[in-house]
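Report on the structure
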Amino acid sequence: MQKQHVNHCNFADHYYNSIKLKKYHLTKCLQNKPRISELARNIPSRNFSCKEFLPIKQENKKSLSENMDAFEKVRTKLETQPQEEYEIINAEIKHGGFVYYQEGCCLVRSKDEEADNDNYEVLFNLEELKLEQPFIDCIRVAPDEKYVAAKIRTEDSEASTCVVVKLSDQPVMEASFPNVSSFEWVKDEEDEDVLFYTFQRNLRCHDVYRATFGDNRRNERFYTEKDPSFFVFLYLTKDSRFLTMNIMNKTTSEVWLIDGMSPWDPPVLIQKRIHGVLYYVEHRDDELYILTNVGEPTEFKLMRTAADTPAIMNWDLFFTMKRNTKVVDLDMFKDHCVLFLKHSNLLYVNVIGLADDSVRSLKLPPWACGFIMDTNSDPKNCPFQLCSPIRPPKYYTYKFSEGKLFEETGHEDPITKTSRVLRIEAKSKDGKLVPMTIFHKTDSEDLQKKPLLVHVYGAYGMDLKMNFRPERRVLVDDGWILAYCHVRGGGELGLQWHADGRLTKKLNGLADLEACIKTLHGQGFSQPSLTTLTAFSAGGVLVGALCNSNPELLRAVTLEAPFLDVLNTMMDTTLPLTLEELEEWGNPSSDEKHKNYIKRYCPYQNIKPKHYPSIHITAYENDERVPLKGIVNYTEKLKEAIVEHAKDTGEGYQAPNIILDIQPGGNHVIEDSHKKITAQIKFLYEELGLDSTSVFENLKKYLKF
């Protein structure tokens, strides 16, 4: 029903993913066939400038070579020129003097200064696993580079294998472990490398193991979480001093510290779980920095305490956020803490000086909609990227010594001049203001006659995805308006925004979505006959509910792996995620109030004979998160209702098209599936009666088919 376990809490998503090289970089594709090889190796230099981001007046400029010192080490090339092909690179990591990454079907490493060429060492051939088109999802290197571990997956399955390779003159696979989720290395008192990893069974991550290799080989279970509504993930603090074992569900967390220098000692509990209290831990100079929602208001705030007195009664308030602020990420440095924030739908970076408790807040360019964090071992600089749905990522870095933010210079993507980004608000029926982000061509005339594609999610406290997608860019180039509705249930305005759209407040998200679309039409952005709506996974709940309650607002809908049968799914406790989802949807099996409330909005339960928009659904045959059965039942019931409505309406009624496209495989959402992208765009153009010739020609400039 939802993404990976670490996504169930909004901050947990970034907290683990930022450590596993979560962010993919867009780079120029060098092959006719989609391959991961050679994508990140052709790296020309990049230039940076301060421009308008200086919090103080810029002093004498340093030479270009001096300003480039922090950036020449950045590994991944970003091409923003139009009419190029783009592919997604997978994880790479730097350790010591080497860069570890995937080259073709191999795990390889090369010396940092040689990473731009083909001089690399093959460590492991992924074809040995006999998987269909495997790719490396995550890499971890042991502290002394005796071993490297890599998690390997395929596009059509969530199952993964972690392989451990011994690094020597002749690298050899030392071990492999199935169904690994998170994993980290530490070193014990005798300089022995210890791998901690979590084991995932039926989408549930409850067991933690630790393993050693070589002559003293062992593999033992370290911890088992017995509450089925909680899951476990591992995170190594930035200074590698502690391995944290994070046990959490959607609203509550508990963290244990494993000593990074004495991993065989019993772990230390920071604070026993308290219902409704979330917290995450970093470490610096014998102090713990704790991001938590404890206390009023119940939004995230930064607290700290001595590492040897970690209990909650010792936590001291260190930094608070403004209202309507979402903490996107946190990065810890020797003398600074950097917070990546979203406030009132705009992005900010707050740099906190840990020596003097100073705070420098930087407002980022208004076109930016999302951060991409770079793994960074340089204590002097904090690099990151900014992106939007229609603009590829652009590099920025904050230099602590100068107190300035630098941006990459050189070629400026033409989309900045040919398109506009607007931020407006809609008033929901209870008076709450709901933010929207809108994109359209600068020279568009009579926007009321332009097609509109609305995006929504509104669940789990997760932000609506606003990463760069080539298909979104070509739609804007072809005259479409894109609107992203940040409704309640998501996390764009903080934890309360999520709380106001879950359980018995889920209908707030539906009211928000309706208000957003009506506001768009009222302000001259398109009209119902040209309005389309798209969502994936849990976003399907609000879309399906709107199709039942206000179908006249829409012409067509596209859904991917949509959650459409909330009631029956949440009544079935044999499904892998039902117990974990109770905090989001409620417990209809034991709570009559929850059951009756779900019946009010559940898309499947509320289908009636009436006119519906045309709907295209992409589903996956072996999807464990959203069972195919629920999607098939919804589609069949909807078609029956449409047939009944057509009989009552009489001759001349134009029935909507209802298409269910079942794809093979067991993944949940395949974001980069060319087949899915082309099918959805073709469907939208046909339903709106538009000529799709130019859009597909433009799309071929970005994607290889």
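What counts and what doesn't
- Residues numbered from 1 in each chain as written.
- Predicted model: local features only at pLDDT ≥ 70, side-chain atom pairs only at ≥ 80, totals over all residues.
- Heavy atoms only, no water.
- Helix = DSSP H or I, 4+ residues; strand = E, 2+ residues; numbered from the N terminus.
- Contact = heavy atoms within 4.5 Å.
- Areas by Shrake-Rupley, 256 points an atom, 1.4 Å probe, with all protein chains shown as cover.
- Core = buried A, V, L, I, M, F, W, Y, C linked by side-chain atoms within 4.5 Å.
- Buried < 20%, exposed > 50% of the residue type's maximum accessible area, 1.4 Å probe, protein only.
- Expected span 1.5 Å × (residues − 1).
- Pairing = 2+ DSSP bridges.
- pLDDT = per-residue confidence, 0-100.
- Disulfide = S-S within 2.5 Å.
- Axes fitted to C-alpha atoms, helices over the stretch in contact; angles between N-to-C directions.
- Phe/Tyr/Trp six-rings, centres within 6.5 Å; stacked < 30°, edge-to-face > 60°.
- Lys NZ or Arg CZ within 6 Å of the ring centre and 35° of its normal.
- Parallel < 35°, antiparallel > 145°, perpendicular 65-115°, else oblique.
- Left-handed = near helix turned anticlockwise from the far one by under 90°.
- Nonpolar A, V, L, I, M, F, W, Y, C, P; charged D, E, K, R; others polar.
- Salt bridge = Lys/Arg side-chain N within 4 Å of Asp/Glu carboxyl O.
- Arc of directions from axis to C-beta.
- Polar contact = N/O pair within 3.5 Å; in protein donor to acceptor, adjacent residues only side chain to side chain.

1. Some remarks on the overall build of the protein chain
Along the protein chain, the regular secondary structure elements total 13 helices and 39 strands. Pairs at least 24 residues apart make up 59% of the contacts formed inside the protein chain by residues separated by at least 6 positions. As displayed, the protein chain offers around 27900 Å² of accessible surface, 47% of which is attributable to carbon and sulfur atoms.

2. Considering the nonpolar core
Residues Val 454, Leu 513, Leu 520, Leu 533, Val 566, Trp 585 and Ile 615 are the most contacted members of the largest nonpolar core, which totals 90 residues. Per-element accounting of this core gives the leading share, 7 residues, to helix α6 (residues 506-522). With residues near it in sequence (within four places) discarded, Leu 533 still touches Leu 453, Val 454, Val 456, Leu 513, Val 543, Leu 546, Leu 554, Ala 556, Val 557 and Thr 558. Ranked by size, the runner-up nonpolar core spans 24 residues in total, among them Leu 278, Leu 302, Leu 330 and Leu 339.

3. Structural notes on helix α12 (residues 674-688)
At 3.6 residues per turn, the α-helix brings residues three or four places apart onto the same side. When the terminal C-alpha atoms of α12 are compared, their 21 Å separation across 15 residues agrees well with the 21 Å that a helix rising 1.5 Å per residue should span. When we look at burial in α12, the residues that qualify are His 674, Lys 676, Ile 677, Thr 678, Gln 680, Ile 681, Phe 683, Leu 684, Tyr 685, Glu 687 and Leu 688. Once α12 ends, the next one or two residues include Gly 689, with phi positive near 70°.

4. As for the pairing of strand β26 (residues 346-353)
Most of β26 sits out of view: 8 of its 8 residues are buried. With burial as the criterion, each face of β26 is covered, one bearing Leu 346, Tyr 348, Asn 350 and Ile 352 and the other bearing Leu 347, Val 349, Val 351 and Gly 353. Where strand β25 (residues 336-343) and β26 come together, 8 bridges link them in antiparallel fashion. Note on β26: the bridge partner recorded for Leu 341 is Tyr 348. Two successive antiparallel strands, β25 and β26, enclose a turn made up of 2 residues, where Ser 344 displays a positive phi of approximately 50°. Of the strand pairs in this sheet, β26 and strand β27 (residues 359-363) are connected by 5 bridges, and their pairing is antiparallel. For Asn 350, the partnering residue across the bridge sits in β27 and is Ser 361. Where β26 hands over to β27, the hairpin turn is made up of 5 residues, of which Asp 357 adopts a positive phi near 60°.

5. Brief notes about the confidence of the model for the protein chain
Close inspection of predicted coordinates is inappropriate for parts of the model with low pLDDT. Averaged over the protein chain, the pLDDT score is 84; the fraction of residues at 70 or greater is 85%. Taken as a whole, residues 1-47 scores under 50 in pLDDT and shows 190 contacts with residues more than four places along the chain or in a different chain. Contacts from residues 51-89, a stretch scored under 50 in pLDDT, to residues over four places away or in other chains number 114 contacts.

6. Things to note about the state of the cysteines
Applying the stated criterion to the full structure yields 0 disulfides. Distance from the sulfur of Cys 382, which forms no disulfide, to the nearest cysteine sulfur (Cys 337) is 9.8 Å. Looking at the unpaired Cys 485, the closest cysteine sulfur is the one in Cys 516, lying at 3.9 Å. Taking the relative accessible area as the measure of exposure, Cys 485 reaches 1% and is therefore buried.

7. Quick word on the sheet that holds strand β21 (residues 287-292)
Spatial strand order, β20-β21-β22-β23: 4 strands in an open sheet with antiparallel pairing. Every interior strand has two partners, whereas the edge strands, β20 (279-284) and β23 (316-320), have only one. Strand-to-strand twist across the sheet, computed as the mean angle between neighbouring axes with direction ignored, equals 30°. For β21 and strand β22 (residues 301-306), the ladder comprises 6 bridges, and the chain directions are antiparallel. Opposite Tyr 289, over in β22, you have Arg 304 as the bridge partner.

8. Considerations on the packing of aromatic side chains
What the rule picks out here adds up to 25 aromatic pairs. Ring centres of Tyr 147 and Trp 185 lie 5.8 Å apart, and the angle between their planes is 15°; on these two criteria the pair is classed as stacked. Of this pair, Tyr 147 sits in strand β9 (residues 147-154) while Trp 185 sits in strand β12 (residues 180-187); the two residues are 38 residues apart in sequence, bridging distant segments of the chain. Residue Tyr 147 is classed as buried on the basis of its relative accessible area of 8%. Exposure remark for Trp 185: the relative accessible area of 4% places this residue in the buried category. Joined through ring pairs, the aromatic side chains of Tyr 147, Phe 177, Trp 185, Tyr 197, Phe 199, Tyr 209 and Phe 213 make up one cluster. Of note, Arg 140 hangs over the ring of Phe 183, and the distance from its end group to the ring centre comes to 5.9 Å. Positioned above the aromatic ring of Phe 242, the side-chain terminus of Arg 241 is 4.7 Å from the ring centre.

9. Description of the pairing of strand β15 (residues 218-224)
Where strand β14 (residues 204-212) meets β15, 6 bridges bridge the pair, whose relative direction is antiparallel. Bridge pairing in β15 places Thr 212 opposite Arg 218. In this structure, the hairpin formed by β14 and β15 is closed by a connection of 5 residues, where Gly 214 is found at a positive phi of approximately 80°.

10. Thoughts on the packing of α6 against helix α7 (residues 539-549)
It is the contact of α6 with α7, at a shortest axis distance of 10 Å, that shows an interaxial angle of 65°. Considered as vectors, α6 and α7 are oriented roughly perpendicular to each other. For the pair α6 and α7, the crossing hand works out as right-handed. Here Lys 506, Gly 509, Leu 510, Leu 513, Glu 514 and Ile 517 of α6 come into contact with α7, specifically with Leu 542, Ala 545, Leu 546 and Ser 549. Within the contact of α6 with α7, the residues separate by chemical class into 6 nonpolar, 2 polar and 2 charged.

11. Some remarks on the pattern of salt bridges
Summed over all chains, the structure comprises 32 salt bridges. With its nearest N and O atoms 2.9 Å apart, the salt bridge here joins Glu 121 to Arg 109. With Glu 121 in strand β7 (residues 121-125) and Arg 109 in strand β6 (residues 106-111), the pair connects residues that are 12 residues apart, well separated along the chain. Look at Glu 121 and you get partly exposed, because its relative accessible area is 24%. A salt bridge links Lys 187 to Asp 191; the nearest nitrogen and oxygen atoms lie 3.8 Å apart.

12. Some details on helix α11 (residues 628-649)
For α11, which comprises 22 residues, the first-to-last C-alpha distance of 31 Å matches the rise-based estimate of 32 Å (1.5 Å per residue) to within 8%. Among the residues making up α11, those that are buried are Leu 628, Gly 630, Ile 631, Tyr 634, Thr 635, Leu 638, Ala 641, Ile 642 and His 645. Angular distribution of buried residues about the axis of α11 spans 160°; they occupy a single face of the element. Residues Lys 629, Glu 640 and Lys 647 are exposed on α11 and point more than 90 degrees away from its buried face. For α11, the elements touching its buried residues are α7, β38 (614-620) and β39 (658-663).

13. Let's talk about the sheet that holds strand β24 (residues 325-332)
In a beta sheet, neighbouring strands pair by backbone hydrogen bonds and run either parallel or antiparallel. Read from one edge to the other, the open sheet built from 4 strands follows the order β24-β25-β26-β27, with strand pairing classed as antiparallel. If you trace the sheet from one side to the other, it starts and ends with β24 and β27, each paired once. Here the average twist between neighbouring strands, direction ignored, is 20°.

14. Topic: the environment of Arg 217
With respect to the helices, strands and loops of the structure, Arg 217 is situated in the loop between β14 and β15. A relative accessible area of 47% means that Arg 217 is categorised as partly exposed. On a C-alpha basis, the gap between Arg 217 and Glu 174 in space is 10.0 Å, while along the polypeptide they are 43 residues apart. Beyond its immediate stretch of four places on either side in the chain, Arg 217 contacts Glu 174, Ala 175 and Thr 212. A polar contact of 2.9 Å, which involves the side chain of Arg 217, links it to the side chain of Glu 174.

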